[in-house]
Every structure is written in C-alpha cells, then in structure tokens.
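Structure assessment
Listed below, chain by chain, are the residues.
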Amino acid sequence: MNSITRTEIGAVEIVDPDDRVDNNPSTAPHLKDLVADRISRRDLMKGGVGAMAMAGFSSVALTAADPALAQARDSRGPTTAPMLDFNPVGKSIADGVRVADGYTATVIYATGDSLDLNVPEYAGNGSEANYDRRAGDHHDGINWFGLNPLADVPDRSSSTRGLLAVNHENISGTAQFLHPLGETNLAATAGPRPESEVIKEIDAHGVSIVEMRQEGGQFVRQRGSRYNRRVTGRTLVDIAGPVRGTAYVRTKFSPSGLTSRGTLNNCGHGVTPWGTYLACEENWAGYFKRNAGDDAQRPVREVTQLRRNGILQNSEGFAHRRWASVLPADANSTDYSRFNCSVLGATATDDFRNEPNTFGYIVEIDPYDPLSRPKKRTALGRRANEGAWSSRPQAGRPIAFYIGCDSRNEYVYKYVSAENWNPLDARRGGMAAGDKYMDRGTIYAAVFNADGTGRWEPLTLANPKVAAGVPVSANNPEGYQFQDLADICVNTRLAAGAVGATRMDRPEWTAVNPFTGEIYITMTENPDRGNSGNSGNNVPNPPLDAANPRYWRDTKGATSQGAAVANQRGNVNGHIVRIREDGDDAGALSFRWDIFLFGAQASADTPAEEANYQANVNLSGLTDANDLSKPDGCWFSAVTGILYIETDDNTFTDRSNAMLLAAIPGRYGDGAPVDVVNLPSGSPNQTVTQPVTVRTYAGRRMTEATLKRLLVAPRGAEITGLTETPDGKALFVNVQHPGENTGRAGAVPSSVALTPATPNGPFESNWPGNAGYGPGGASARPRSATVVIRRVDGGVIGYDPSKRMT
C-alpha cells in the first residue's frame with residue numbers, strides 16, 4: 001500500500017521490490033486483442049443480503065439503522081440511495097486531521113500505546129520496549145467485532161463494547177521514531193544491528209486485537225482486557241491448505257513444513273462470514289536478502305520463483321533493515337538469520353532458503369479467542385495481497401473472496417470455496433469454519449475483455465493454459481512448468497501470467513456492495529502504463545487497454561515529500577473498477593465490468609493547468625469538492641450503503657494531503673462508453689508519437705451530491721482501513737505513517753531525519769501529539785493512529801434520512 005517506492009535513510013537507499021515492473025515479465029495478450037467470451041455456469045440466485053448479515057458482524061444484520069433504509073432494499077439492493085448529508089471539507093496541506101463540519105475525529109489508539117497494565121504507556125522518546133504488548137506501527141486494515149456489554153461473550157450487534165482488529169503493515173519511513181536516536185548500523189557496511197532494536201521493529205509489524213468500550217460517550221482502550229493480543233512478526237502460526245507440509249515450506253525452524261513464524265506487511269483485510277479476521281500479507285518479499293551467487297546454488301525453477309516475486313540475488317529488500325545481521329544473545333536463535341534466504345546448508349531444512357515461501361498469504365485470526373493460533377490459508381494463493389473481501393453468502397452456494405495484488409501490472413483474483421455455504425456456520429464461528437471453506441477451493445485470475453465483459457481463468461492443472469506452463473521468453477529463458485496444486489498456490493503470480501490474466505494498474509483494495517453484490521477494486525496508479533516513458537528496464541511497459549485506458553503528463557510542486565516533479569507520467573491518479581458477476585453468482589466464470597471512478601485533479605483538463613493537457617483525464621467530472629488522486633482503500637458501510645474511498649498519494653500532495661471521501665455507489669452500467677484520446681507524454685523515451693484512442697466503459701459522472709470529501713490527513717500520511725459500529729454512528733479510520741518522508745531532500749517545509757545529531761527534528765509531521773494525544777505536543781514524534789469519526793448530533797455517519805435521491 002505504501003506509495004513510496006524509494007526511501008533514503010542516511011546513505012542507504014531502500015527500494016520496494018513490488019514497484020519493479022520487471023517482477024512481471026508476462027507478455028499476456030491485451031484487451032484490444034481479446035474477443036468477448038461470455039460464459040456463465042450458474043443461474044441467478046436471490047437472497048444474499050440476509051446472509052451477509054451473516055455472522056451479524058455488520059449491521060445489515062436483521063434490521064437497518066433507519067426504517068427508510070430497510071424500505072429501500074430489494075432482492076438485489078437498494079432502489080434509492082441515501083444522500084450524503086455533510087458539506088465537503090476543503091483540501092489541506094496542514095499537519096493535522098481535518099473533518100467536515102458537524103463531525104468530530106478523535107484519536108483512540110496510536111503506535112506504542114500499551115495493551116497491558118504491566119507495560120508502561122508510550123513515553124514518546126523511543127525508550128519503549130515490549131512492542132509485543134503495544135500497538136504496532138503503520139495502522140492499516142481494521143474491523144470491529146462486538147462484545148456483550150455485560151459479559152465476555154461475542155455480541156455482533158453491540159456498538160458500545162467491542163474488539164478492534166488492526167493491521168500493522170510495516171515501519172518504512174517511521175522506524176527511526178521507534179528508537180531513541182534513530183536506527184543503528186543500518187548501512188550495509190556497518191556492524192550487526194542491535195538485537196533490542198530489531199526485536200522492536202519485528203514486533204511493530206502484525207496485528208493488534210484491542211478491546212474498546214464507550215465510557216462517558218467516548219471510546220476508551222481497555223488496557224487490562226483479556227482479549228488484548230498482538231500477533232507479530234515472531235508469533236507462531238500454522239500453515240494450512242495445499243501447501244501445508246510440502247517441500248516448499250520446510251525450513252530449519254520447521255522441517256515438517258507445518259508451522260512458521262510471524263506475519264508481515266499486513267495491509268488490507270477481510271472478514272469472513274463466520275466472524276473471523278483476515279490479515280493480508282502484501283510486500284513480504286522486501287524483508288529478505290540473498291547473497292551474491294545464490295542463483296547458482298539453486299535449481300532454475302527456484303530462481304524463476306524468486307525473481308517473479310522480486311527477491312534477487314546480491315540484494316536486500318526495501319524492508320530488510322539488515323535484520324539477518326543480528327548476533328542474538330541466544331546462540332541457538334534463528335529469529336533473525338531466517339531473513340537471509342540464501343542457500344547456506346546441505347538441504348532446505350539446514351537453512352532458510354524456503355522462508356519466503358511461508359509469507360504472502362491470507363492469515364486468518366479469531367479475535368474472540370486469544371489462545372487460538374493464526375493460520376495461513378494457502379489455498380487462496382500467494383501474492384502481494386492487498387485485501388480479501390467476501391462475496392455475499394448465499395445458502396447452498398460457494399463463498400468467494402476477491403483479492404488484489406498490489407504492484408504495477410499485476411492481477412485481480414478471486415478464490416471460490418469447494419464447500420457450499422451453510423448459514424449455521426455463521427453462528428458457530430471460529431477457525432473450524434475456516435478449515436471448511438478456506439482450505440479447499442479454486443483460485444481464479446481475471447481477464448478484462450475489450451467489450452466490457454470478462455472471464456475468470458481457473459488456476460488449476462485442469463486448465464490447459466496452466467498445464468502448458470509459462471512459455472520460454474527473453475525475460476524467462478527457461479519457462480516454468482507447474483508440478484501440482486501446491487506449486488500453483490505458492491507461485492500464483494506465475495500461474496496467472498500463464499493463463500493470460502490482464503495486467504492492471506496496481507490493483508489494491510476490494511470491496512463488495514453488501515446490497516447488490518457488485519465488486520469494487522481500486523487501481524491506485526501506474527506510471528508505467530501506456531508506453532509512458534517511465535520504464536528503466538528491458539520489459540516493455542503495458543499498452544493502454546479498456547480497463548486501464550489513460551496516460552498523461554502531470555506536474556507537481558515541492559511538498560514535504562520532496563522536490564517538485566516536472567513530469568509525472570502514466571496513469572498518475574488511478575481509478576476504480578466495478579465488476580458484476582454474471583447471474584450475480586460469486587462462483588460465475590464470467591462477469592461484466594465498468595470503471596466506477598477516474599481519479600483526477602478537478603482542473604486536469606485545462607491547458608493552463610497541465611504541461612501537456614488533454615481533455616479526457618477528468619472523466620468523472622470531479623470538482624474541488626471531490627477531486628482525488630491514487631484511490632487505495634475502499635469499503636462499504638453495511639448500514640448506509642455508502643462507499644468510502646481512501647487515498648495514499650504522492651502525486652497530488654502539492655494541493656492536498658491524503659483524504660477520505662464518501663460516495664453513492666450507483667450500479668454497474670449506470671454510465672456509458674467513452675473514447676479516451678491519449679496524447680503522447682512527451683518523454684524522450686516514448687516511442688509513441690501519435691494520439692492513442694481507447695474505448696472504455698465509464699460509470700455515471702460524479703456530482704457534488706454523489707461524492708464528497710469527508711476527512712483530510714496530516715502530512716506524510718495515507719488514509720486507510722475502515723470499519724463501523726453496527727449502529728452506524730461511529731466510523732473508525734486509520735491514519736498511517738504521518739511523517740514518513742522526514743529527511744527527504746528538497747522537501748517543503750524541510751525536515752531532518754532522527755539521528756544523534758538531530759534528536760528533535762524538525763520532523764515532517766508531529767501528529768497526533770500536536771493534536772493533544774500522548775506526549776510531545778508541537779514537537780512530538782509522529783505516530784500512526786486509529787481515529788473514530790462521529791457526528792456531533794449523534795446520528796448515523798454520512799446519512800440524513802430526510803434527504804434522498806434516486
């Protein structure tokens with residue numbers, strides 16, 4: 001999710017491997033070459049909404065928060081949508097959270113906050129230890145799980161007491177603030193990293209389970225709750241599904257291949273119909289290093305696997321932070337050496353050559369059972385998982401989970417369970433239901449056809465395209481043959497390339513409309529799209545196609561993220577794709593699609609604004625009240641049906657920090673075909689010199705009634721993760737990595753990295769301390785945090801029942 005592709009810390013440059021276009025050497029056909037393939041194997045099914053009340057963890061449940069909402073719902077969804085009831089907040093580059101008038105935004109849980117009465121509260125000076133009992137860093141995906149106000153039992157209708165499950169994605173850009181004087185020995189030529197620092201950094205990853213209770217009208221963290229729990233980068237986890245016990249995951253730590261340690265880079269999330277939490281491992285590849293000459297120690301197929309995931313020999317990933325250099329106090333410990341995945345021993349159980357294969361999965365956690373062990377559900381595949389959102393459950397039909405792979409030119413997936421849904425499992429809950437629905441099923445990769453249809457390609461050896469393997473090419477001189485289902489589950493990206501899945505503009509969060517079942521997928525950006533001239537390697541940039549139809553040239557002024565950029569090229573601002581499964585069946589093999597929203601500056605189509613303007617960048621008709629760049633997260637309120645959109649932006653920040661917007665979603669097909677005329681970007685590397693016209697399928701244009709800005713973040717932050725209480729009166733949102741650009745060259749205003757010489761900054765951000773939360777005040781170290789948004793009048797967020805629209 002993190003939008004920063006390069007970070008400089010002292011003399012060390014850290015590069016996110018998932019931003020390398022050459023991680024995907026596939027030359028799959030593009031939409032202009034594809035013929036519509038309308039396949040449907042299931043008839044229309046009704047009645048999914050009641051099942052989505054599923055485990056009752058969202059307030060669609062059995063009654064709506066307002067009778068008008070209940071009356072608006074038919075078998076497929078609402079015939080009308082609520083009006084957005086607030087005036088949009090303006091854009092801001094200030095270092096604070098701004099929210100619309102009539103709303104409040106209150107910090108309730110920030111990095112370093114204690115989860116244990118025996119662990120001191122956050123001191124704000126880097127002296128804090130025991131991060132396995134504190135809030136981690138980079139708050140991301142989040143979900144509310146209700147508890148009975150009077151007893152320690154689940155109550156999924158409770159809005160006054162509950163558990164928040166919170167992902168802690170990484171520490172990129174903010175690790176310096178975890179330590180008293182920044183990180184020690186980070187440079188490759190330095191000595192070993194201190195064990196005390198690395199333990200803190202590993203434990204700052206993972207997931208929090210924290211109890212919240214309303215007290216005096218405010219949500220208050222319950223430090224002494226028996227439910228409080230941290231799942232970190234060192235927690236013991238089970239490997240489940242087809243990969244369990246196979247040679248792919250046998251290591252020195254687990255020669256049987258049945259267990260692994262930790263979960264890392266948990267970005268987006270999901271919630272199961274039976275009431276468990278899904279943490280999704282995204283840029284896990286960046287934590288590993290390989291020694292020079294390691295390719296020669298391995299079979300060619302292993303080298304192909306590693307390269308496809310961006311784990312190159314003689315390199316360290318963007319997040320590695322030299323963890324493998326630690327000399328542990330316990331000489332038998334392998335907590336750190338596992339992050340060097342080079343071939344060092346006689347067999348795979350003598351080293352950690354397979355350690356990367358134990359990451360990259362959807363991780364299931366039962367928040368109600370603090371003694372339960374998380375499970376990595378390998379049947380759903382391995383990739384840079386941004387999220388995993390469930391289809392609307394329908395009795396007697398399979399469950400689907402929709403997944404984006406967050407990297408440029410990657411794919412959209414779904415997993416369909418082998419077992420059909422039994423609504424009784426919503427009440428039983430627990431990990432046993434996960435064993436039933438998430439250990440046996442089929443992974444599919446999406447192909448978006450040029451005529452607005454699409455198909456799901458099964459990633460099984462029964463598919464001749466998978467059985468044929470990855471063909472030999474200049475970038476893959478040996479090809480690749482799949483051996484079994486476990487191979488496909490470990491090397492899912494290779495399998496998706498083999499079937500010709502469509503390379504998309506960095507697919508991230510998925511969201512399923514709880515009333516219509518339609519799927520929304522954010523495409524955050526792609527500077528490599530359309531021969532934009534940004535590629536610096538030997539893999540050609542993917543051409544424009546109907547599902548990824550824009551490139552242009554944009555300018556940006558200097559910001560706290562760094563110096564001005566004269567020419568931002570490609571798909572600079574992103575878009576959101578919408579899918580309707582044929583027959584409204586989550587197990588269908590075909591679908592229809594359109595583009596719900598095109599990110600853009602309101603003024604993008606004016607020649608006075610852009611260096612090389614074109615009149616069809618702002619295809620959604622955005623204004624100053626709702627223009628946005630790089631949609632990253634998206635999430636539906638089950639109470640109001642509002643679609644919330646979150647941004648993680650580094651291209652529009654001369655105008656505004658990242659933001660949260662609310663949208664009336666409409667339905668698939670509510671717009672019309674659009675011919676997008678793309679002008680050459682002006683890059684000296686670009687070979688295209690004439691306009692390129694692409695036909696796409698746009699949703700209805702936005703208005704200031706259907707899309708509004710609700711909140712703006714502090715400096716350096718992204719807005720991510722959303723959940724609500726079942727009454728719809730509290731909306732929880734995460735503010736991730738404020739201040740992550742501290743010390744960047746050319747930044748305005750300037751900042752300096754935390755070092756022994758500059759212990760007090762200035763930092764890019766001082767939030768939330770400068771807003772009165774925790775120590776430090778105006779000079780506080782920045783912290784990621786969970787914020788709760790509420791209406792001043794106590795009403796449902798975003799919705800006024802006195803106003804309606806068709």
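Here's a quick rundown of the structure. Please read these numbers as outputs of a predicted model, since none were measured by experiment.

A word on the pattern of salt bridges
- Scanning the entire structure with this criterion turns up 57 salt bridges.
- Between Arg308 and Glu410 there is a salt bridge; the shortest N-O distance is 2.8 Å. Note that Arg308 is positioned in helix α4 (residues 300-308) and Glu410 in strand β21 (residues 408-410), a separation of 102 residues in sequence. In this structure, Arg308 and Glu410 share a single accessibility class: buried.
- Note that Asp594 is salt-bridged to Arg578, the shortest N-O span being 2.9 Å.

Looking at the packing of aromatic side chains
- Taken as a whole and assessed by the stated rule, the structure comprises 24 aromatic pairs.
- Ring pairing ties together the aromatic residues Tyr402, Phe448, Trp456, Phe591, Trp593 and Tyr697, which thus form one cluster.
- Taking the ring centre of Phe253 as reference, the NZ or CZ of Arg261 above it sits at 4.1 Å.

Examining the environment of Ala384
- Within the secondary structure, Ala384 sits in the loop between β18 (375-377) and β19 (389-390).
- Relative accessible area serves as the criterion here: at 0%, Ala384 is assigned to the buried category.
- Separated by 101 residues in sequence, Ala384 and Asn283 place their C-alpha atoms 5.5 Å apart.

Describing the side chain of His737
- Along the polypeptide, His737 turns up in the loop between β39 (731-736) and β40 (785-791).
- For His737, a relative accessible area of 1% corresponds to the buried category.
- There is a polar contact of 3.1 Å between the side chain of His737 and the side chain of Glu718.

Observations regarding the sheet that holds strand β13 (residues 266-271)
- Read across the sheet, six strands follow the order β12-β11-β18-β17-β14-β13 without closing on themselves; strand pairing throughout is mixed. Here the strands that pair on one side only, and so sit at the sheet edges, are β12 (259-261) and β13. Geometrically, the sheet is characterised by an average inter-axis angle of 35 degrees between neighbouring strands, direction not taken into account.
- With three bridges connecting them, strand β11 (residues 236-240) and β18 associate as parallel partners. Residue pairing for β18: Ala240 is matched across the bridge by Arg377.
- Across the sheet, helix α6 (residues 431-438) lies against β14 (277-281), β17 (362-365) and β18, angled at about 20 degrees from β18, the strand it touches most.

As for the sheet that holds strand β5 (residues 103-110)
- Pairing is antiparallel across the open sheet formed by four strands, whose spatial order is β5-β40-β39-β38. Each edge of the open sheet is held by one strand with a lone partner, namely β5 and β38 (718-724). On average, each strand axis in the sheet is inclined to that of its neighbour by 30 degrees, with strand direction left out of account.
- With seven bridges joining them, β5 and β40 adopt antiparallel strand pairing. Considered in β40, the bridge of Thr106 is made with Val788.

Details of α6
- Among all positions in α6, only Met431, Ala433, Gly434, Tyr437 and Met438 are buried. Buried residues of α6, viewed axially, fall in a sector of 145 degrees; they line one side.
- On its buried side, α6 packs onto β14, β17, β18, β20 (398-404), β22 (412-420) and α5 (424-428).

Concerning α4
- Along α4, the residues classified as buried are Val303, Thr304, Gln305, Leu306 and Arg308.
- Looking at the buried positions of α4, the neighbouring elements they touch are β15 (289-290), β21, α8 (485-490) and α9 (492-498).

Re the environment of Arg506
- Mapping Arg506 onto the fold places it in the loop between β25 (504-505) and β26 (507-512).
- A relative accessible area of 3% means that Arg506 is categorised as buried.
- Here the alpha-carbon distance between Arg506 and Gly404, two residues 102 residues apart in the chain, equals 8.2 Å.
- For Arg506, the side chain forms a polar contact with the side chain of Glu525, separated by 3.0 Å.

Brief notes about the pairing of β26
- In terms of burial, β26 is a largely internal element, six of the six residues being buried.
- For β26 and strand β27 (residues 519-523), the ladder comprises four bridges, and the chain directions are antiparallel. Bridge pairing links Pro507 to Met523 in β27.
- The loop that links β26 with its antiparallel partner β27 comprises six residues; one of these, Gly517, has a positive phi angle of about 80 degrees.

As for the environment of Arg791
- Checked against the element boundaries, Arg791 lands in strand β40.
- Separated by 688 residues in the primary sequence, Arg791 and Tyr103 have C-alpha atoms spaced 4.4 Å apart.
- Polar contacts involving the side chain of Arg791 include one to the main-chain carbonyl oxygen of Val796, which spans 3.1 Å.

Let's talk about the nonpolar core
- Phe448 and Tyr644 are the most contacted members of the largest nonpolar core, which totals 70 residues.
- Broken down by element, this core gets its largest block of residues, four residues, from strand β31 (residues 590-598).
- Non-local contacts of Tyr644, meaning those with residues more than four positions away in its chain, are made with Gly633, Cys634, Trp635, Ser637, Leu660, Leu661, Ala662, Leu710, Leu722, Leu731, Ile797 and Gly798.
- Ranked by size, the runner-up nonpolar core spans 42 residues in total, among them Val249, Ile362, Ala426 and Phe482.

Thresholds applied
Residues numbered from 1 in each chain as written. Predicted model: local features only at pLDDT ≥ 70, side-chain atom pairs only at ≥ 80, totals over all residues. Heavy atoms only, no water. Salt bridge = Lys/Arg side-chain N within 4 Å of Asp/Glu carboxyl O. Helix = DSSP H or I, 4+ residues; strand = E, 2+ residues; numbered from the N terminus. Buried < 20%, exposed > 50% of the residue type's maximum accessible area, 1.4 Å probe, protein only. Phe/Tyr/Trp six-rings, centres within 6.5 Å; stacked < 30°, edge-to-face > 60°. Lys NZ or Arg CZ within 6 Å of the ring centre and 35° of its normal. Polar contact = N/O pair within 3.5 Å; in protein donor to acceptor, adjacent residues only side chain to side chain. Pairing = 2+ DSSP bridges. Axes fitted to C-alpha atoms, helices over the stretch in contact; angles between N-to-C directions. Contact = heavy atoms within 4.5 Å. Arc of directions from axis to C-beta. Core = buried A, V, L, I, M, F, W, Y, C linked by side-chain atoms within 4.5 Å.

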